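# Observations on the three-dimensional arrangement
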Amino acid sequence: MSTPDINENHKADMRKMQAEHREKIKAKKAAERGLLLVNTGDGKGKSTAAFGTLIRALGWGHSVGVVQYIKGNWKVGEREFFKRFDDLVTWHTMGEGFTWDTQDRDRDIAAARAAWDTSLTMLKSGAYDLILLDELNIVLRYDYLDVADVVAGLQARSPRTSVIVTGRDAKPDLLAAADLISEVKAVRHPFDNGIKAMRGIDF
Ligand code: ATP
Ligand code: MG
């Protein structure tokens, strides 16, 4: 086939695809309320993708909130970045650190409950377009919070508010309530090759 013929065929194919795509979109409706998004899986990128979504929302001047369930108050790049937008961002770091560092189940449970109380207040308030509950899946996996309570709290949120829950091993009951589930799959991680967490990449 000559180059002009290939180009002509391509144009016809694309025109057909455009028409099909437009038909598909016509059949969809705008969301009537905020969505529940879950980023899970054993690969790196769950929290990173959530922070990316926060940036997208901030680009529209949306009001966003973050509750970090596991992380303690060590310095991380994302916190430093979002501080610059403190008129639009509410940020609570409410974990005590990794469970293997705290080694104190009662203290971890108390921290998880306090973080959930704060989350519930934010979810109900109607003050947020988007709330990130970072590593909530981890405290659910350890049964520090009751998954039925958490799902009920998420479902009773202000209709205005979308929520992103992150962390590996998301519970089936949470997934059942989600509008979006993304699973990040680990293919290779520098840690496995003896490389430590790196500033600007991991924290
Ligand atoms: P990130 O915050 O970098 O997007 P994440 O939220 O997907 O990572 P977490 O389970 O919250 O992953 O783990 C956070 C830390 O653990 C990061 O430093 C990350 O690089 C590291 N990590 C994530 N996945 C793996 C893995 N498969 N092997 C080793 N370390 C990992
Ligand atoms: Mg994470």
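Given the structure is predicted, the values throughout are model-derived calculations rather than measurements.

Turning next to the site of ligand 1. The environment of ligand 1 is formed by 13 residues, the closest being Lys44, Lys46, Thr48, Glu135 and Asp202. Note that a nitrogen atom of ligand 1 is positioned 3.5 Å from one of the side-chain N or O atoms of Arg168. Between Asp202 and ligand 1, the recorded distance is 2.5 Å, taken from a side-chain N or O atom to an oxygen atom. For ligand 1, whose accessible area on its own is 580 Å², the fraction buried by protein is 79%. A majority-of-atoms criterion places ligand 1 in the largest pocket. The residue makeup of the shell around ligand 1, split by class, is 2 nonpolar, 5 polar and 6 charged.

Attention shifts here to helix 2 (residues 46–59). Compared with an ideal rise of 1.5 Å per residue, which puts 14 residues at 20 Å, helix 2 spans 20 Å between its outermost C-alpha atoms and is within 8% of the ideal. Three or more residues of helix 2 are buried, namely Lys46, Ser47, Ala50, Phe51, Leu54, Ala57 and Leu58. Seen along its axis, helix 2 keeps its buried residues to an arc of 130°; they face one direction. Among the exposed residues of helix 2, those oriented more than 90 degrees off its buried face are Arg56 and Gly59. Looking at the buried side of helix 2, the elements it contacts are strand 1 (36–40), strand 2 (64–68), helix 3 (77–82), strand 3 (89–93), strand 4 (130–134) and strand 5 (162–166). Looking one or two places after helix 2, you find Gly61, whose phi comes out positive at around 75°.

Time to look at the coordination of the magnesium ion (ligand 2). Around the magnesium ion (ligand 2), the donor atoms from the protein are Ser47 (OG) and Glu135 (OE), and they sit 2.0 to 2.1 Å away. Here Ser47 is found in helix 2, whereas its partner Glu135 is found in the loop between strand 4 and helix 6 (136–141), with 88 residues between them in sequence. Take Ser47: its relative accessible area is 13%, and that puts it in the buried class.

A cluster of nonpolar side chains, contributed by Trp74, Phe98 and Trp100, occupies part of the molecular surface with about 350 Å² of accessible area. Checked against the element boundaries, Trp74 lands in the loop between strand 2 and helix 3.

Right, let's get into the packing of aromatic side chains. Each pair of aromatic rings is reported with the distance of its centres and the angle of its planes. Applying the stated rule across the entire model yields 6 aromatic pairs. A ring pair is formed by Phe51 and Phe82, whose centres lie 6.0 Å apart and whose planes are at 40°; its orientation type is tilted. Of this pair, Phe51 sits in helix 2 while Phe82 is found in helix 3, placing the two residues 31 residues apart along the sequence. Phe82 shares its class with Phe51; the two are buried. Judged by centre distance (5.6 Å) and plane angle (35°), the rings of Phe82 and Trp91 are tilted. Like Phe82, the residue Trp91 is buried in the burial classification. An aromatic cluster is built from Phe51, Phe81, Phe82, Phe85 and Trp91, whose rings are joined through pairwise contacts.

Tyr69, Leu133, Leu136, Leu145 and Leu154 are the most contacted members of the largest nonpolar core, which totals 29 residues. Residue contributions to this core peak at 6 residues, all from helix 5 (residues 105–125). Those residues within four positions of Leu154 in sequence are excluded, and the remaining contacts are Leu36, Trp116, Leu123, Leu133, Val163 and Leu174. Within the second largest apolar cluster, 14 residues are counted, among which are Phe51, Val66, Leu130 and Leu132.

Of the pockets and cavities examined, the largest pocket occupies roughly 1,400 Å³. Together, 40 residues line the largest pocket, and Lys44, Lys71, Phe98, Glu135 and Asp202 are the ones closest to its centre. Those elements that provide at least two residues to the lining of the largest pocket are helix 2, helix 3, helix 4 (99–102) and helix 6. Here the lining of the largest pocket gets 6 residues from one element, more than from any other, and that element is helix 2. Of the pockets and cavities examined, the second largest pocket occupies roughly 230 Å³. Forming the boundary of the second largest pocket are 13 residues, of which Thr53, Ala57, His62, Leu130 and Ser162 lie nearest the centre. Of all elements in the fold, only helix 2 and strand 5 reach the threshold of two or more residues within the lining of the second largest pocket. Per-element tally for the lining of the second largest pocket: the top contributor is helix 2, with 3 residues. Partitioning the lining of the second largest pocket into residue classes produces 6 nonpolar, 4 polar and 3 charged.

Cut-offs applied
- Throughout, a residue's number is its position along its own chain's written sequence, starting from 1.
- A letter from A marks each chain and a number from 1 marks each ligand, given out in the order of writing.
- Confidence filtering applies because this is a predicted model: local features only for residues at pLDDT of at least 70, side-chain atom pairs given and counted only at 80 or more, and all residues used for totals across whole chains, interfaces and linings.
- Calculation of side-chain values draws on the structure's entire complement of heavy atoms; hydrogens and water are dropped beforehand.
- Here a residue is considered near a molecule or strand provided that any single heavy atom belonging to it is located within 4 Å of it.
- Distance and chemistry together define a polar contact, namely a pair of N or O atoms within 3.5 Å, with one atom able to donate a hydrogen and the other to accept it when in protein, and with adjacent residues in sequence counting only for side-chain atoms on both sides.
- Only the protein chains shown count as cover for residues, with accessible areas throughout obtained via the Shrake-Rupley method and a probe of 1.4 Å.
- Cavities and pockets were defined on a 1 Å grid built from protein atoms only: a cavity is a group of points that admits a 1.4 Å probe but offers it no way out, a pocket is an open group of points flanked by protein on both sides within 12 Å along at least five of seven lines, and a lining residue is one with an atom within 4 Å of any such point.
- Being in a pocket or cavity means that more than half of the molecule's atoms lie within 2 Å of its grid points.
- The residue classification treats Ala, Val, Leu, Ile, Met, Phe, Trp, Tyr, Cys and Pro as nonpolar and Asp, Glu, Lys and Arg as charged. All others, Gly included, are polar.
- Labels follow the DSSP assignment, with helices taken as runs of H or I lasting at least four residues and strands as runs of E lasting at least two, numbered in each case from the N terminus.
- Each residue after the first adds 1.5 Å to the expected span of a helix.
- Three exposure classes are used, based on accessible area relative to the maximum for each residue type with a 1.4 Å probe and protein chains only: buried under 20%, partly exposed in between, and exposed over 50%.
- An arc is given here, and it is the one of the directions from the helix axis to the C-beta atoms.
- Contacts are residue-level and defined by heavy atoms, with any inter-residue pair within 4.5 Å sufficient.
- Nitrogen, oxygen and sulfur within 2.8 Å of a metal are treated as its donors, or within 3.2 Å for sodium, potassium and calcium (Na, K, Ca); water is not counted, so a site can appear incomplete.
- Only residues whose relative accessible area exceeds 30% and that take part in no salt bridge are eligible for patches, with like-charged residues grouped when within 9 Å of each other and nonpolar side chains (Val, Leu, Ile, Met, Phe, Trp, Tyr) grouped when within 5 Å.
- Salt bridge, as used here: a side-chain nitrogen of Lys or Arg that lies within 4 Å of a carboxyl oxygen of Asp or Glu.
- Pairing of aromatic side chains requires ring centres within 6.5 Å, counting the rings of Phe and Tyr and the six-membered ring of Trp. Pairs whose planes differ by under 30 degrees are stacked, by over 60 edge-to-face, and all others tilted.
- For the purposes of this section, nonpolar cores are sets of buried Ala, Val, Leu, Ile, Met, Phe, Trp, Tyr and Cys residues that join through side-chain atoms within 4.5 Å.
- Grid points are joined across faces, edges and corners, and a volume is the space filled by probe spheres set on the points.

Any functional reading would require information that these geometric values do not contain.
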